[in-house]
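Survey of secondary and tertiary structure
Chain by chain, the residues run as shown.
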Amino acid sequence: MKQNDNLENYVSKAMKHKYVKGFSIHVHHDGNDEVVSQGNLSGHRRFYAASVTKLFVTSMLLMLVEEKKLSLDDKIIDYIGDIIPENFHTFKGKDYTRTILIKHLMSNTSGLPDYFDKEVMTRLLNSEDEVWGLKPVIEYVKDKEAYFIPGHPKKAKYCDTNYQLLGAIIEKITNKSFSSNVDERILKPLNMHDSYMYDGREDPLLENIYYKDKEIILPNYLASIGPEGGLVSTSTDLNRFLQAFFNSKLFDSRQLEKHYTWRLLFGPGLFFYGIGISMQPIHLFKMKQGIIGHWGHSGAFAFYHPKKNVYMTGSVNQFVGHNQAAKVMLKVLKHIKV
């Protein structure tokens, strides 16, 4: 991007959508940074990053691999076998719990049931605040039938349960809380001063999520979900993180190539998932050459376009606003010539 007016216009047009009440985006390309924030996200306000948090989980797991404290091919029972009940993964009457690997959780190929089902989502969208986290999630799904066997070569299903377990593995290996790991390994080294793992604190700069015209207020829930989506951030902080993620500032980013084992997911939304990272198609005839990063249910986004070397981060702060964010990102990419 060379002219801020273009980005301002893209965002202004997105703001005309009846449900988009705020939009913040940070674009980094060729050494230049542009930030546009409008509506309820103007004035450097913070937002819930939701599942963009999963990239932080991936970062820390890859750090631990480099520290030789784990392998992604390790069985999860070797780390959290004491908290997983018997028959935790049962498919067609057979227990596969002992065959689940760390990389199965990261790639959404564990087959485990997702606690974040339609019933739970409906209650939350009605602002019925609930406390979840690791133990309630395990209790909720332990008697449910698994979707498929762990590591199925052709199947994948998005599952927040996976990331609760990954958070527990990180805590077990480091003997520190997930929040402390995020702070010490990522936020402080990258000077992400406007980001933190949400803990229910009062924050006058933090904007609540919207579902259409309704403001969703869920302090207990958002403070309890940690590794699956508990990060609070800004578009600028997320951009700093995304650049570090893909440029070996946190771990050797060359190892990411082997994580691009894309499996198509049909929910939430249509996108591909690799091992701890997702890819959003941007061209019908080049489905596996899209932008790489992660979406958040809150309308947050953090994506990198390898060919054009563009980093785009931010949020529309709207549960149903992802299309507007995608449109703006596509306009940004179209404007930038290789």
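What you see as residue numbers is a count from 1 along each chain, following the sequence as written. Reporting in this predicted model follows two pLDDT cut-offs: at least 70 for local features of residues, and 80 or more for side-chain atom pairs to be given and counted; totals over whole chains, interfaces and linings ignore these cut-offs and use all residues. In computing side-chain properties, one takes all heavy atoms of the structure into account and sets aside hydrogens as well as water.

This brings us to helix α7 (residues 160-174). Over its 15 residues, α7 extends 22 Å from the first C-alpha to the last, a length consistent with the 21 Å expected when each residue adds 1.5 Å. Accessibility here uses a 1.4 Å probe with only protein chains present; expressed as a share of the type maximum, an area under 20% marks a residue as buried, one over 50% as exposed, and anything in between as partly exposed. Strands are runs of DSSP state E lasting at least two residues, helices are runs of H or I lasting at least four, and both sets are numbered from the N terminus onward. Here α7 lies mainly inside the structure; 12 of its 15 residues are buried. Where α7 ends, the next residue or the one after it, Asn175, has phi of about 60°, a positive value. By definition here, a helix of n residues has an expected span of 1.5 Å times n minus one.

Positive phi, normally seen in glycine, also occurs at Asn108, with a value near 60°. Secondary-structure assignment places Asn108 in the loop between α4 (102-106) and α5 (118-125). Judged by relative accessible area, Asn108 falls into the buried class, the value being 1%. Positive phi, normally seen in glycine, also occurs at Asn317, with a value near 55°. Examined against the element boundaries, Asn317 turns out to sit in the loop between β15 (310-315) and α11 (322-335).

Strand pairing is assigned whenever DSSP identifies at least 2 bridges connecting the two strands. Spatially, 3 strands are ordered β3-β9-β6 in an open sheet, and the strand pairing comes out antiparallel. The sheet is open, and its two edges are formed by β3 (47-48) and β6 (196-197), each paired on a single side. Judged from the 2 bridges that link them, β3 and strand β9 (residues 231-233) form a sheet pairing that is antiparallel. Within β9, the residue paired with Phe47 across the bridge is Ser233.

Before going further, it helps to examine empty space enclosed by the protein. Within this scheme a cavity is a closed region of a 1 Å grid, computed over the protein atoms alone, that accommodates a 1.4 Å probe without allowing it to escape, whereas a pocket is open but has protein on both sides within 12 Å along at least five of seven lines; lining residues each have an atom within 4 Å of a point. Grid points are joined across faces, edges and corners, and a volume is the space filled by probe spheres set on the points. Overall, the coordinates contain 1 cavity of 30 Å³ or more when judged by the stated rule. Roughly 280 Å³ of internal volume is contained in the largest cavity. What lines the largest cavity is a set of 18 residues, among which Phe116, Tyr221, Leu222, His297 and Phe319 lie closest to the centre. Those elements that provide at least two residues to the lining of the largest cavity are α5 and α9 (219-224). Among the elements that line the lining of the largest cavity, the one with the most residues is α5, at 3 residues.

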